[in-house]
Amino acid sequence: MIRSVKGTHDILPDQTWRWRKIESSLHGFMQKYGYQEIRTPAFEKTELFSRGIGEETDIVSKEMYSWTDQGGEKLTLKPELTAPVVRSFIQHNLGSQSSTNRLYYMDTLFRRERPQKGRTRQFHQFGVEVFGSEHPEADAEVIAISYNFFKTLGIDNLTLTLNSIGSDDCRNNYRNELRNYLKPFLSDLTETSQNRFQNNPLRILDTKIEHEKEILKNAPEIGNFLTVDDKSHFEEVKSLLNGLSIPFSIQSQMVRGLDYYTRTTYEISSTALGAQDALCGGGRYDKLVETLGGKPTPAVGFAAGIERLLLALELKPTEFNFESIQIYIIGLTEKVRSNCQVIAQDLRNQGFSVSTDLLRRSLKSLLREANRNSVKVAIIIGDDELANDIVQVKDMETGEQTTVSKNKLTEHLTDLDF
Ligand code: AMP
């Protein structure tokens, strides 16, 4: 038997409705904020991610699904959405069409991570990217969207962790200080961190290794290296969040797993989740558009994992309802059966949801199934009914059965008001 690939999951029919619920909530929610949806291809040139996300990051250095295609082109299944959205923003010159672009997406991503609960190799994210504003209002809006969306869905136990990793000047100074601090511990660091020490020491702050986390506990804090402008930007973000009644805590070592961030970085987690408790992460990336060949454009965004969101909701049941089929059409004889599909098609055209039997089963077993599936009405047709252009309409809730002439059927069903 061929099984699905490790770290990938089927979403079966008893789960897909939960996904649709999230998807439709998201579209409605984003419309309230005036964001427009963007969709990008499933794969991109590998270079987009290595340049955009950073060679030293876990994603680029070890998690990408990349290959060389028949034409010799190096391609990668997208492991994140910001770089592709930025590519599209530049390619289609969206910045010249509007001074700010507020975009959102929902998509499938691929990272070769170690699978565990809440972490898979194919997963889904939704997120937003706002282009064109360097001001703290944009940061606050993005953070508020993520926070309020989780709240709207009924996830209460949210923790918002915030940081500013400053502008280039700030990080250049900080990098040197961090290297000075880490130098005596160099031999205790993992090989990966030792490599990062020279090229990209900030990456070390993102370590998942316990003894490295211990070493970093007394490391200098980037907050002390913010420039005057960085500081006032961060202060304004915080004060806007206070104004929006969004609680947060500051975590001065949060740099996040991607290299493109500048100034604001943040994460939202939920205690409803286990070890993989991050629901969403994001921040400002004022240099990425330029890095990828566009005109300098400040930007800020976030990405949230949909699997995680569903896990958080599973622990806190909400009012998801499965919509059952409304009408079963039951043909009692061979002669009638071909007619059932025609009636079903007519009723669907009138807006009803209708199912017919594909197994030529008996009336009894079909009524039993209709009950089990919470069907509202069974329409029963035998040879007599067919000959006289009538049908039997059985209300599955009350058990009441009515003879209805075929040309009055729509009217009758509409009156039932289910
Ligand atoms: P990132 O793109 O790494 O900033 O991640 C943003 C969010 O995506 C995380 O907070 C998670 O909710 C989700 N996420 C990231 N990686 C995975 C994964 N491998 N499986 C499931 N969800 C993930």
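Everything numeric here is computed off the predicted structure, so don't read it as measured data.

## Quick look at the pattern of salt bridges
Evaluated as defined, the whole model comprises 23 salt bridges. Between D168 and R171 there is a salt bridge, with its nearest N and O atoms 2.9 Å apart. Of this pair, D168 and R171 are both found in helix α7 (residues 168–182), 3 residues apart, which corresponds to roughly one turn of the helix. Under the relative-accessibility criterion, D168 is labelled partly exposed at 33%. Here the residues in one salt-bridge network are R203, D206, K208 and D259, joined through shared partners.

## Brief notes about the sheet that holds strand β9 (residues 262–270)
Pairing in this open sheet of 8 strands is mixed, and the strands run β1-β5-β6-β11-β10-β9-β7-β8 from one edge to the other. Strands at the two margins of the open sheet, each flanked by one partner only, are β1 (36–37) and β8 (249–250). Where strand β7 (residues 158–164) meets β9, 7 bridges bridge the pair, whose relative direction is antiparallel. When the sheet's bridge partners are listed, T159 is paired in β9 with S269.

## Notes on the site of the ligand
The environment of the ligand is formed by 15 residues, the closest being R111, E113, T120, R256 and A278. At a separation of 3.1 Å, an oxygen atom of the ligand approaches a polar backbone atom of L279. Contact between the ligand and C280: an oxygen atom at 3.4 Å from a main-chain N or O atom of the residue. In the complex, the protein chains occlude 91% of the 480 Å² of accessible area that the ligand would expose alone. The set of elements that each furnish at least two residues to the shell around the ligand consists of β6 (122–131), β10 (278–284) and β11 (299–305). Residue composition of the shell around the ligand, grouped by class: 6 nonpolar, 4 polar and 5 charged.

Criteria and thresholds
- Residue numbers run consecutively from 1 along every chain, following the written order of its sequence.
- A pLDDT threshold of at least 70 governs which residues receive local features in this predicted model, and a stricter bar of 80 or more applies before side-chain atom pairs are shown or counted, although totals over entire chains, interfaces and linings include all residues.
- Computation of side-chain values covers all heavy atoms of the structure but excludes hydrogens and water.
- Each reported salt bridge corresponds to a side-chain nitrogen of Lys or Arg within 4 Å of a carboxyl oxygen of Asp or Glu.
- Here a strand is any run of E in DSSP of at least two residues, a helix any run of H or I of at least four, and the numbering for each starts at the N terminus.
- Each residue is placed in one exposure class: buried if its accessible area under a 1.4 Å probe, protein chains only, is under 20% of its type's maximum, exposed if it is over 50%, and partly exposed if it falls in between.
- Whether two strands pair depends on DSSP finding at least two bridges between them.
- For each residue, the test is whether any non-hydrogen atom lies within 4 Å of the molecule or strand; if one does, the residue is near.
- Each polar contact in these results corresponds to two N or O atoms within 3.5 Å; when the atoms are within protein, one needs to be able to donate a hydrogen and the other to accept it, and residues that are neighboring in sequence are counted only if both atoms are side-chain atoms.
- Working definition of accessibility: Shrake-Rupley area with a 1.4 Å probe, residue cover restricted to the visible protein chains.
- For this classification, Asp, Glu, Lys and Arg are treated as charged, while Ala, Val, Leu, Ile, Met, Phe, Trp, Tyr, Cys and Pro are nonpolar and the rest, including Gly, are polar.

Any link to function would need more than the numbers given here.
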